[in-house]
Amino acid sequence: MDKTALLIIDVQYDFLPPSGSLAVPNGQDILPVINDLLDENKYDWPVIVASQDYHPRGHISFASTHPPHKPFEPLLVRDARGTTYQQTLWPDHCIQGTRGTEIEENIKRKLGQWGRKVRLARKGTHMKLEAYSAFDGDAYPGEQKLPSEGPLSTYLRKRGIEKVVIVGLATDFCVLQTALSAISASFDTLILGPAVRGISPEDTDKALVKIRNLGGKVIDQDEIDWETGLNRWFDL
Ligand SMILES: [Zn+2]
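For clarity, every value in this text was computed on a predicted model and none was experimentally measured.

Caption draft 1: Region of the structure containing the coordination of the zinc ion. Note on the zinc ion: its protein donors are D53 (OD), H55 (NE2) and H93 (NE2). The metal-donor distances range over 1.9 to 2.1 Å. Along the chain, the residues donating to the zinc ion are arranged with the sequence spacing D-x1-H-x37-H. Of this pair, D53 sits in strand 2 (residues 47-53) while H93 sits in the loop between strand 4 (84-88) and helix 2 (105-112), and the two are 40 residues apart along the sequence. Judged by its relative accessible area of 4%, D53 is buried. On the accessibility criterion, H93 (3% relative accessible area) is buried.

This is the structure in structure tokens:
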């Protein structure tokens, strides 16, 4: 497993039922699986990346920034790069300094046991830039780098990583975009089905089809033999 990194996407309170402001349906179901993946007795990840949606108040993606528009409406917006695009408006979520932006406490505690192997990837930190992909972390205007040149892919390559296992929330947004970045940056990309959940069932299905069509692998629940564990999927 020395060439395989675990990418844990946005396992934060605002994305988790029951109290998250943008709770992903059944998002809590993935927690035991991710906890298992963080068991040092079973796995030997050389690198673990934990991404964190981390917005300032008044972020471009919030419906509250664009009154009278409401959450989940699409709206054409112009971002800090001067790009006009259709933004899905969200309820306020993952605001810097709030509990909603914290990584779920059991996952956070387990991450602590992996010490320097863990890298935190904060994204969406710029007021006028949306960032779904963990590879977009800390990207600012003037640094319009392709995903393959971004800081996370550089970090992974320097450590000899060739394959990424992606888990977390939400399949149809941040997991999808992280997978697309990973594929375009030529990482062997694997999504662990039992450890991802999406916002809309229809878009979640579409996202998984898209990932598969682009060469990513999606492991379904029924393909896993929990007795023997998951290692066979993770070895290159
Ligand atoms: Zn966000």
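Caption draft 2: Examining the packing of aromatic side chains more closely. Inspection of every chain in the model, using the stated rule, returns five aromatic pairs. Residues F72 and W90 carry aromatic rings whose centres are separated by 5.8 Å and whose planes lie at 90° to one another, so their mutual orientation is edge-to-face. Placement of the pair is F72 in the loop between strand 2 and strand 3 (74-78) and W90 in the loop between strand 4 and helix 2, with a sequence separation of 18 residues. Of the residues examined, W90 reaches a relative accessible area of 4% and is grouped as buried. The interplanar angle of 85° and the centroid separation of 4.9 Å between the aromatic rings of W90 and F173 together place this pair among those described as edge-to-face. On the criterion of sequence distance, the pair formed by W90 in the loop between strand 4 and helix 2 and F173 in helix 4 (residues 171-184) is long-range, its members being 83 residues apart. An aromatic cluster is built from F72, W90, Y132 and F173, whose rings are joined through pairwise contacts. Here the guanidinium or amino end of R99 rests over the ring plane of Y13, the centre of that ring lying 3.7 Å away. Above the plane of the ring of Y54 lies R122, whose end atom (NZ or CZ) is 3.9 Å from the centre.

Caption draft 3: Region of the structure containing the sheet that holds strand 7 (residues 188-197). If you trace the six strands from one edge of the open sheet to the other, you get 5-2-1-6-7-8, paired in parallel fashion. The open sheet has two edge strands with one neighbour each: strand 5 (118-123) and strand 8 (217-219). The sheet shows a mean angle of 20° between the axes of neighbouring strands, direction not considered. Here strand 2 pairs with strand 5 via six bridges, running parallel. Across the sheet, residue Q52 finds its bridge partner in strand 5, namely R122. Sheet contacts for helix 3 (residues 151-158): strand 1 (4-9), strand 2, strand 5 and strand 6 (163-169); angle to strand 2, the most-contacted strand, approximately 170°.

Caption draft 4: Quick peek at helix 4. Most of helix 4 sits inside the fold, with 12 of its 14 residues counted as buried. Along helix 4, the residues classified as buried are T171, D172, F173, C174, V175, L176, T178, A179, L180, S181, A182 and I183. Buried-residue contacts for helix 4 involve strand 1, strand 4, strand 5, strand 6, strand 7 and helix 5 (201-213). Looking one or two residues past helix 4, S186 carries a phi angle of roughly 70°, positive in sign.

Reading the values: the criteria
Residues numbered from 1 in each chain as written. Predicted model: local features only at pLDDT ≥ 70, side-chain atom pairs only at ≥ 80, totals over all residues. Heavy atoms only, no water. Donors = N, O, S within 2.8 Å, 3.2 Å for Na, K, Ca; no water. Helix = DSSP H or I, 4+ residues; strand = E, 2+ residues; numbered from the N terminus. Buried < 20%, exposed > 50% of the residue type's maximum accessible area, 1.4 Å probe, protein only. Phe/Tyr/Trp six-rings, centres within 6.5 Å; stacked < 30°, edge-to-face > 60°. Lys NZ or Arg CZ within 6 Å of the ring centre and 35° of its normal. Pairing = 2+ DSSP bridges. Axes fitted to C-alpha atoms, helices over the stretch in contact; angles between N-to-C directions. Contact = heavy atoms within 4.5 Å.

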